[in-house]
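Observations on the model geometry
Here are the chains, one letter per residue:
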Amino acid sequence: MAVLTISDTRAMATDTSGGLLADRLVAAGHSLLDRALVPDDIPAIRAQIESWLARPEIEVILTTGGTGFSPRDNTPEAVRPLLKREMDGFSVAFHQKSLGTVGVASMQSRAFAGQAGDAFIFCIPGSTGACRDAWDGLLELEFDSRHKPCSIAGALPRLREVCA
């Protein structure tokens, strides 16, 4: 897995959202293969994700930031053209969960996920709370091959037999 923070204002030392995702995925037993921070700029976002998509060992990319409505929020515009399919259920599940924590402000999020090649990309808002909402009870279960019915493992080429 890889974690990408998209921000014009954060540095690695102040990146609590990317840090939370990285810490939680490692604590769950996954390998953090790379972590990066890029400005909220379409070419920069796309270049980083494309470099990870070229590495077959990176099967899941988590992004945080750039999913709102400020003029510099460009994550959906950068990532959606790379997808061959969207995972509509992630957006629905994320919004249902975040309604309980941030209320109707959840409507301002353009969180989404999809498949690019054989890899999956999950685009999460940039707040630490939103990353917590996305991980706890959603992504933590989706990435656990023991979770039934089948997790995302069944869609990854090296693990397809897990859900066969």
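Refer to the structure above for everything that follows.
This paragraph deals with the pairing of strand β1 (residues 2-6). Among the 5 residues of β1, 5 are classified as buried, and the element is accordingly described as predominantly covered. The side-chain alternation of β1 yields two buried faces, one formed by Ala2, Leu4 and Ile6 and the other by Val3 and Thr5. As paired strands, β1 and strand β2 (residues 34-38) are joined by 5 bridges and run parallel to one another. Paired with isoleucine 6 across the bridge in β2 is valine 38. One crossover worth recording links β1 to the parallel β2 by way of helix α1 (residues 16-27), and it is right-handed. Bridging between β1 and strand β3 (residues 60-64) involves 4 bridges; their strand directions are parallel. The partner of threonine 5 across the bridge, within β3, is threonine 64.

Read from one edge of the open sheet, 6 strands run β2-β1-β3-β6-β5-β4, paired in mixed fashion. Only two strands of the sheet have a single neighbouring strand rather than two, namely β2 and β4 (85-86).

Let us now look at the state of the cysteines. By the definition in use, this model includes 0 disulfides. Free of any disulfide, cysteine 123 has its nearest neighbouring cysteine sulfur in cysteine 131, separated by 11 Å. Cysteine 123 sits in the buried class, given a relative accessible area of 0%. What makes cysteine 131 buried here is its relative accessible area of 0%.

In this section: the pattern of salt bridges. Scanning all chains against the criterion turns up 8 salt bridges. The shortest N-O distance in the salt bridge between arginine 24 and aspartate 136 comes to 2.5 Å. Of the two residues, arginine 24 is situated in helix α1 and aspartate 136 in helix α5 (residues 128-142); the sequence distance between them amounts to 112 residues. Note that glutamate 77 and arginine 110 form a salt bridge whose closest N and O atoms lie 2.7 Å from each other. Here glutamate 77 is found in helix α3 (residues 75-79), whereas its partner arginine 110 is found in the loop between α4 (88-102) and β5 (112-116), with 33 residues between them in sequence. For glutamate 77, a relative accessible area of 35% gives the class partly exposed. A relative accessible area of 18% means that arginine 110 is categorised as buried. When salt bridges that share partners are traced, they join Arg10, Asp15 and Arg35 into one network.

On to the layout of surface pockets, then. Of the voids in this model, the largest pocket is the one considered here, and its volume is about 300 Å³. If you go around the largest pocket, you meet 18 residues; those closest to its centre are Met1, His30, Glu59, Arg158 and Leu159. Partitioning the lining of the largest pocket into residue classes produces 9 nonpolar, 5 polar and 4 charged.

Here is what the cut-offs are and how they apply
- Residues numbered from 1 in each chain as written.
- Predicted model: local features only at pLDDT ≥ 70, side-chain atom pairs only at ≥ 80, totals over all residues.
- Heavy atoms only, no water.
- Buried < 20%, exposed > 50% of the residue type's maximum accessible area, 1.4 Å probe, protein only.
- Helix = DSSP H or I, 4+ residues; strand = E, 2+ residues; numbered from the N terminus.
- Pairing = 2+ DSSP bridges.
- Right-handed = clockwise from strand over helix to strand, strands pointing away.
- Disulfide = S-S within 2.5 Å.
- Salt bridge = Lys/Arg side-chain N within 4 Å of Asp/Glu carboxyl O.
- 1 Å grid on protein atoms, 1.4 Å probe; cavity = no way out; pocket = protein on both sides within 12 Å on 5 of 7 lines; lining within 4 Å.
- Points joined across faces, edges and corners; volume = space filled by probe spheres on them.
- Nonpolar A, V, L, I, M, F, W, Y, C, P; charged D, E, K, R; others polar.

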